[in-house]
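Listed below are the residues making up each chain.
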Amino acid sequence: MTAQTKIEDMSAPVIAAMGEDENTIADMYLTFDLGEEEYGVSIAGVTEIVGMQRIMPIPDMPRYLRGVINLRGKVIPLMDVRLRFEMPERDYDDRTVIIVMEVEDAPVGLIVDGVREVREIPPAQIDRRGQISRSGARSTIAGIAQVGERVAVLLDPSVLVSDGDIAIARSAEAG
Amino acid sequence: MTAAAPESTSDGGLMRVPSERIGRLMDLVAELSLSVAETVRSPDLVGLDLTHFETAVHRLMMIVREVQDAATDMRLVPVDEVFKRLRRMVRELERQTGKKIEMVISGAETQIDKLVADRLYDPLLHVLRNAADHGLESSEERVQNGKPQTGSIFLSASQVGSEVRIIVADDGRGLNRAKILSKARERGLFGMEEEPEPSALWKVIFEPGFSTAENVSNLSGRGVGMDVLNTTMAALRGRIVVDSTPGQGTRVALHIPVSLAFLDCIIMRLGPRLYAVPIEVVSEIARPGPDDLPKLSADGGRELFRLRGKSVPVCRLENFFDGINDPARAPDAPPQVIVVFQTANGNLAVPVDEILDRQQVVMKPLAGRLSRIRASYGCALLGTGEVAIVLDCERLVTGGTTS
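Residues numbered from 1 in each chain as written. Chains lettered and ligands numbered in written order. Predicted model: local features only at pLDDT ≥ 70, side-chain atom pairs only at ≥ 80, totals over all residues. Heavy atoms only, no water.

S.K.: Account for the overall build of chain B, with residues named and values stated.
M.R.: The number of helices and strands found in chain B is eleven helices and 17 strands. Contacts in chain B between residues at least 24 apart in sequence constitute 62% of all its contacts with a sequence separation of at least 6. Total accessible area computed for chain B in this model is approximately 20,500 Å², and 52% of it derives from carbon and sulfur atoms. (Helix = DSSP H or I, 4+ residues; strand = E, 2+ residues; numbered from the N terminus. Contact = heavy atoms within 4.5 Å. Areas by Shrake-Rupley, 256 points an atom, 1.4 Å probe, with all protein chains shown as cover.)

S.K.: Go over the confidence of the model for chain A, please, and point to the residues and values.
M.R.: All names here are of chain A. Chain-level statistics for chain A give a pLDDT mean of 79 and a share of 75% at 70 or above. Scored below 50 in pLDDT, residues 1–20 shows 36 contacts in the model against residues more than four places distant or in partner chains. Within the model, pLDDT remains below 50 along residues 167–175, and this stretch shows eleven contacts once partners closer than five positions in the same chain are excluded. (pLDDT = per-residue confidence, 0-100.)

S.K.: Go over helix H4 (residues 114–135) of chain B, please, and point to the residues and values.
M.R.: Residues and elements named next belong to chain B. Compared with the 32 Å implied by 1.5 Å per residue over 22 residues, the 30 Å span of H4 between its first and last C-alpha is a close match. In H4, a bend of some 40 degrees at leucine 120 exceeds every other bend along the element, and proline 123, a proline, comes one to four places later. Where H4 begins, the side chain of aspartate 113 points an oxygen toward the backbone nitrogen of leucine 115, at a separation of 2.9 Å. (Expected span 1.5 Å × (residues − 1). Bend = angle between axes of the 7 residues up to and from the residue. Polar contact = N/O pair within 3.5 Å; in protein donor to acceptor, adjacent residues only side chain to side chain.)

S.K.: Any chance you could break down the side chain of glutamate 303 of chain B for me, citing the residues and the numbers?
M.R.: Residue and element names in this part refer to chain B. Mapped onto the elements, glutamate 303 comes out in the loop between helix H9 (298–301) and strand E11 (304–307). Separated by 2.6 Å, the side chains of glutamate 303 and arginine 316 make a polar contact. Not counting residues up to four positions away in its chain, the partners in contact with glutamate 303 are Pro294, Lys295, Val312, Pro313, Val314 and Arg316.

S.K.: Any details on the interface of chain B and chain A? Residues and values, ideally.
M.R.: With 25 residues of chain B at the contact, the number on the chain A side is 25 residues. Of the roughly 2,200 Å² buried at the junction of chain B and chain A (both faces included), carbon and sulfur atoms supply 58%. For the pair chain B and chain A, the interface holds two salt bridges. Our count for the chain B to chain A interface comes out at six residue pairs in polar contact (both at pLDDT 80 or more). Mapped onto the side of chain B that touches chain A, the elements with two or more residues apiece are strand E9 (273–278), helix H10 (317–320), strand E16 (376–381) and strand E17 (387–391) of chain B. For the side of chain B that touches chain A, the per-class residue count stands at twelve nonpolar, five polar and eight charged. (Buried area = accessible area lost by both parts, 1.4 Å probe. Salt bridge = Lys/Arg side-chain N within 4 Å of Asp/Glu carboxyl O. Nonpolar A, V, L, I, M, F, W, Y, C, P; charged D, E, K, R; others polar.)

S.K.: Explain the sheet that holds strand E10 (residues 282–286) of chain B to me, and be specific about the residues and the numbers.
M.R.: Residue and element names in this part refer to chain B. The three strands lie next to each other as E10-E13-E14, forming an open sheet whose pairing is antiparallel. Every other strand in the sheet has two partners, leaving E10 and strand E14 (346–352) as the edge strands with one partner each. Strand-to-strand twist of the sheet, defined as the mean angle between neighbouring strand axes without regard to direction, takes the value 20 degrees. Two elements, strand E13 (residues 337–343) and E14, share seven bridges in a ladder whose sense is antiparallel. Among the inter-strand pairings, phenylalanine 341 is bridged to a residue of E14, identified as leucine 348. (Pairing = 2+ DSSP bridges. Axes fitted to C-alpha atoms, helices over the stretch in contact; angles between N-to-C directions.)

S.K.: Tell me about the pattern of salt bridges, and please be specific about residues and values.
M.R.: A side chain with one charge can pair with a side chain of the opposite charge if their charged atoms come near. All names here are of chain B. This structure, assessed with the given rule, holds 35 salt bridges over all chains. In this structure, glutamate 141 engages arginine 173 in a salt bridge whose closest nitrogen and oxygen atoms are separated by 3.4 Å. With glutamate 141 in helix H5 (residues 139–144) and arginine 173 in the loop between strand E5 (163–170) and helix H6 (177–186), the pair connects residues that are 32 residues apart, well separated along the chain. Residue glutamate 141 is classed as partly exposed on the basis of its relative accessible area of 29%. (Buried < 20%, exposed > 50% of the residue type's maximum accessible area, 1.4 Å probe, protein only.)

S.K.: Describe helix H1 (residues 19–40) of chain B, with residues and values.
M.R.: Residues and elements named next belong to chain B. Taking 1.5 Å per residue, 22 residues should reach 32 Å; H1 reaches 31 Å between its end C-alpha atoms and fits that length. For H1, the full list of buried residues reads Ile22, Gly23, Met26, Val29, Ala30, Ser33, Leu34, Val36 and Ala37. For H1, the arc enclosing every buried residue in end-on projection is 160 degrees, short of the 170-degree limit, so these residues lie on one face. Pointing more than 90 degrees away from the buried face of H1 are the exposed residues Glu20, Arg21, Arg24 and Thr39. The secondary structure elements touched by the buried residues of H1 are helix H2 (51–74), strand E8 (262–270), strand E15 (354–364) and E16. (Arc of directions from axis to C-beta.)

S.K.: Any chance you could break down the packing of helix H3 (residues 80–97) of chain B against H4 of chain B for me, citing the residues and the numbers?
M.R.: Residue and element names in this part refer to chain B. Across the interface, H3 lies against H4 with an axial gap of 10 Å and an inter-helix angle of 25 degrees. Of the possible angle classes, the one that applies to H3 and H4 is roughly parallel. As H3 packs across H4, the resulting crossing turns out to be right-handed. Contacts between H3 and H4 involve Glu81, Val82, Phe83, Arg85, Leu86, Met89, Leu93 and Thr97 from the first element and Lys114, Ala117, Leu120, Tyr121, Leu124, Leu125, Leu128, Arg129, Ala132 and Asp133 from the second. Residue composition of the contact of H3 with H4, by class: twelve nonpolar, one polar and five charged. (Parallel < 35°, antiparallel > 145°, perpendicular 65-115°, else oblique. Left-handed = near helix turned anticlockwise from the far one by under 90°.)

S.K.: Got a sec to walk through the sheet that holds E8 of chain B? Specific residues and values, please.
M.R.: Residues and elements named next belong to chain B. Here five strands make up a closed barrel; going around it, the order is E8-E9-E17-E16-E15 and the pairing mixed. Ignoring which end each strand starts from, the neighbouring axes of this sheet average 45 degrees apart. The pairing of E8 with E9 spans six bridges and is antiparallel. Across the sheet, the residue bridging to leucine 270 is arginine 273, located in E9. Here H1 sits on the sheet in contact with E8, E15 and E16, set at roughly 45 degrees to E8.

Shown next, in the form of structure tokens:
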């Protein structure tokens, strides 16, 4: 298996493109774009990548949770990672994709500007410092990876999904 | 399940099937009914003349419905299993309370979803303990009051519509209104001058930490375990109804849906969001006149809905839930419809933009992040492929807390 695997068919399960060698999966990351920045998540939790679908809004969610999609009978909440990181909102286009992941036994879809590649990043290339933010909460950043000339920010999906790093602002008038 | 392998005769034609396998079948049946609905409502069919197709669709829908019912039936077990375990507890209760107790069981053959049955023991034991400990008097006291020395606890089950009602009744002293009311007022559950309806008052005995027993026994009275009743009933979409007559006894009824898998719902739309409500809680759908929705300045602008001379509190979902920033309704939008829900804490009027449909939905539990949606049992997959949030009106009326 080569270190870089281009995703040709976005709808194909990423795992299928990965080969069978389990040892490499731990070091495999799916990288994606948010504006000019490159981010990555470990491929272990990724179940598939799907194109944008009709989002159905649901109540009681912060703004960055855009709603749910019905993916073959599974209801999957969608997190707009741009909004999660308080980046400027951007219209979805044909590059916009949903990375469907299984995080702590529950499905979640991450809306990102576009996926880049699946690649192996050995632990030696990852700077793991800075996992605790100044406030003492766990950071969404699991590590900073050096990928050739570029830098990819590796995210911790469980912190991302649980809001471990931010307090949920409940509006005052809510019962 | 009654269908059996031909050679099995010794066990009365029963087959043991792992519950995951039945679960898998249930999931497939659910997907089947969704795909059928999706096919039938396909936009490609719009405008076509489909006489024969319509007939075939009608038959197909009937069959799907029957397959659904058959699959649901497969998971039904008699409540007898739970009742037997409770009966064994009676001896233990007699020993611990020093009272003579006779347990009378009826309707043990009533069928209920295995998933529900598996969760009923703890809450029922709790109610039973309460009856043995607080409800029944001591033998001496009973004789003095001209009652048989042995106290009776009646445990019964019956199916009413799509609900199973399990009743634990005792022939004890009944609930003491004055004592419970004063304690409830002390705890701020009612205002000092408020005289609640009996049914509203009796329910507080199952509030966590609520107990009026003067002497705390090791059976009940410590106010622990109360949560098990309330939380289990909320999870099972059930209701608790308490009724009591001084000197004659107390009756606690648990109303529980037979099955958790499919749900007969009204689908409503408010803004871009869809909500579903189990049909049995909808008491009325009304179109309010111009003066039917007075807004009170007190209490932060609370609204009331005037319905045949009575005032029903109004709950606007867009205010109840967080994160709803829809644009204001257009002035020329059609008037809203009011759906009146009946809950254990009285009626509740909820304005929505429109009622879409009545349909059997497949309910999915709220997992992960979605579990933070308050006042919801789960989400419903509709035949159109859309997703609606199934409202738990009991939590809606209490402002989102699980009581």
